[in-house]
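Listed below are the residues making up each chain.
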Amino acid sequence: MEINYHERIINYTDWATLMFVLSVFIIALNRSVFQVRFIEFMRLGVSDKYTKIYKDSTNMNSGFTMSLFLVQLISFSFFVLLSLSHYKLTTKENIIVFIQVITFLGVFILSKYLIEKIIATTFKIEEFVEQFNLLKVSYRTYFGVLLLPINIILYYNSFNENWIYLSLLLILVVINVITYFITLKVYQNIILGKIFYFILYLCTLEIAPYYFIYKWIIKN
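S.K.: Which residues make up the overall build of the protein, and what values do they have?
M.R.: The helix and strand tally for the protein stands at nine helices and zero strands. Taking all 220 residues of the protein together, 40% fall into the buried category. Within the protein, contacts between residues separated by at least 24 positions form 78% of all contacts whose residues are at least 6 apart in sequence. Approximately 13,800 Å² of the protein is accessible, and the part contributed by carbon and sulfur atoms is 68%.

So this is what it looks like as structure tokens:
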């Protein structure tokens, strides 16, 4: 009898399950502790009441914002991992790639935030930048929370349709554009008074970083 040996490939997904459970736990905890705020936050897609109530810059360092920022980070990292897996650049069970992605996103966002604070202090537009950052964090976190169940479905099932990933990426871009328009509308008096600094801020910290990342991805 001829014996054929086949390589046994074992994929470990327990780490992913733990990350999903952690994210759901954080959301449930915020739902329990910050009931009114969480309800207004989940209506962010149809109402801007949340951004009007919690527009004070101190909300950036609140437990609600920081904990949901972690959920956003996990959610976006899984989306990047799933996209890389979809285009055969890695596997969705690869925890090393996930750690690399979440580390890169975390360092990129925090570094960008610190640089923004330095530039805001230099140009004396601290209040505007803090409120602008809070607005961006609110909408991106909202999308990250909504993206989480989609990530769970995509992770535990196999979908080969390109339109799914392209549509989600397009939605993220649209959310960013809408955030800028909302900012222009809400803070138009402050912006008009310091229009030069605002344009310089946009070019330096809101356009250039993403452009260089795009060029790096295309090149590699």
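S.K.: Any chance you could break down the pattern of salt bridges for me, citing the residues and the numbers?
M.R.: The tally for this structure, following the rule as stated, stands at two salt bridges. Where Arg-43 meets Glu-40, a salt bridge forms, and the shortest distance between an N and an O atom there is 3.3 Å. Judged by relative accessible area, which is 37%, Arg-43 ranks as partly exposed. A salt bridge links Glu-40 to Lys-49; the shortest N-O distance between them is 3.7 Å.

S.K.: Can you lay out helix H1 (residues 14–33) for me, pointing to particular residues and giving the numbers?
M.R.: Taking 1.5 Å of rise per residue, 20 residues should cover 28 Å, and H1 covers 28 Å from first to last C-alpha, within 8% of that figure. When H1 is considered as a whole, its buried residues turn out to be Trp-15, Ala-16, Phe-20, Ser-23, Ile-26, Ile-27 and Asn-30. Seen along its axis, H1 keeps its buried residues to an arc of 145 degrees; they face one direction. Facing away from the buried side of H1, by more than 90 degrees, are the exposed residues Asp-14, Leu-18, Val-21, Phe-25, Ser-32 and Val-33. Packed against the buried residues of H1 are helix H2 (35–42), helix H4 (63–86), helix H5 (95–123) and helix H6 (126–156).

S.K.: Residues and numbers for H6, please.
M.R.: Along its 31 residues, H6 runs 44 Å from first to last C-alpha, staying within 8% of the 45 Å computed at 1.5 Å per residue. Where H6 bends most, at Leu-147, the angle is about 30 degrees, and the proline Pro-149 comes one to four residues later. Where burial is concerned, most of H6 is hidden: 23 out of the 31 residues are buried.

S.K.: Give me the packing of aromatic side chains: which residues, what numbers.
M.R.: The tally for this structure, following the rule as stated, stands at 17 aromatic pairs. Between Phe-34 and Phe-64 the ring centres are 5.5 Å apart and the planes differ by 80 degrees, which places this aromatic pair in the edge-to-face class. Remark: Phe-64 occurs in helix H4 and Phe-34 occurs in the loop between H1 and H2; sequence separation between them is 30 residues. A relative accessible area of 1% means that Phe-64 is categorised as buried. It is Arg-37 that lies over the ring of Tyr-54; its NZ or CZ is 4.4 Å from the centre. The lysine or arginine in question, Lys-92, covers the ring of Tyr-155, its NZ or CZ lying 5.6 Å from the ring centre.

S.K.: Got a sec to walk through a nonpolar patch on the surface? Specific residues and values, please.
M.R.: A cluster of nonpolar side chains, namely Leu-22, Phe-25, Leu-29, Val-33, Phe-34 and Leu-70, defines an oily patch on the protein surface of about 520 Å² accessible area. For Val-33, a relative accessible area of 53% puts it in the exposed group.

S.K.: Summarise the environment of Ser-75; cite the residues concerned and give the values.
M.R.: Along the polypeptide, Ser-75 turns up in helix H4. When the C-alpha positions of Ser-75 and Asn-151 are compared, they lie 7.1 Å apart, and in sequence the two are 76 residues distant. Residue contacts for Ser-75: discarding those within four places in its chain leaves Gly-144, Leu-147, Leu-148 and Asn-151.

S.K.: Quick one: what's the story with the environment of Asp-56, residue by residue and with numbers?
M.R.: One can find Asp-56 in the loop between helix H3 (49–53) and H4. Separated by 75 residues in the primary sequence, Asp-56 and Gln-131 have C-alpha atoms spaced 6.9 Å apart.

S.K.: Any details on the packing of H1 against H6? Residues and values, ideally.
M.R.: Packed helices, taken two at a time, are described by their axes: the angle between them and the distance between them. Contact pair H1 / H6: the axes reach a minimum separation of 11 Å and the direction vectors enclose 155 degrees. On the basis of the axis angle, H1 is roughly antiparallel to H6. In this structure, the crossing between H1 and H6 has a hand that is left-handed. Only Val-145, Leu-148, Asn-151, Ile-152, Tyr-155 and Tyr-156 of H6 make contact with H1, whose side of the interface consists of Trp-15, Ala-16, Thr-17, Phe-20, Ser-23, Val-24 and Ile-27.

So, how was this worked out
Residues numbered from 1 in each chain as written. Predicted model: local features only at pLDDT ≥ 70, side-chain atom pairs only at ≥ 80, totals over all residues. Heavy atoms only, no water. Helix = DSSP H or I, 4+ residues; strand = E, 2+ residues; numbered from the N terminus. Buried < 20%, exposed > 50% of the residue type's maximum accessible area, 1.4 Å probe, protein only. Contact = heavy atoms within 4.5 Å. Areas by Shrake-Rupley, 256 points an atom, 1.4 Å probe, with all protein chains shown as cover. Salt bridge = Lys/Arg side-chain N within 4 Å of Asp/Glu carboxyl O. Expected span 1.5 Å × (residues − 1). Arc of directions from axis to C-beta. Bend = angle between axes of the 7 residues up to and from the residue. Phe/Tyr/Trp six-rings, centres within 6.5 Å; stacked < 30°, edge-to-face > 60°. Lys NZ or Arg CZ within 6 Å of the ring centre and 35° of its normal. Patch = residues over 30% accessible without salt bridge, like charges linked within 9 Å, V, L, I, M, F, W, Y side chains within 5 Å. Axes fitted to C-alpha atoms, helices over the stretch in contact; angles between N-to-C directions. Parallel < 35°, antiparallel > 145°, perpendicular 65-115°, else oblique. Left-handed = near helix turned anticlockwise from the far one by under 90°.

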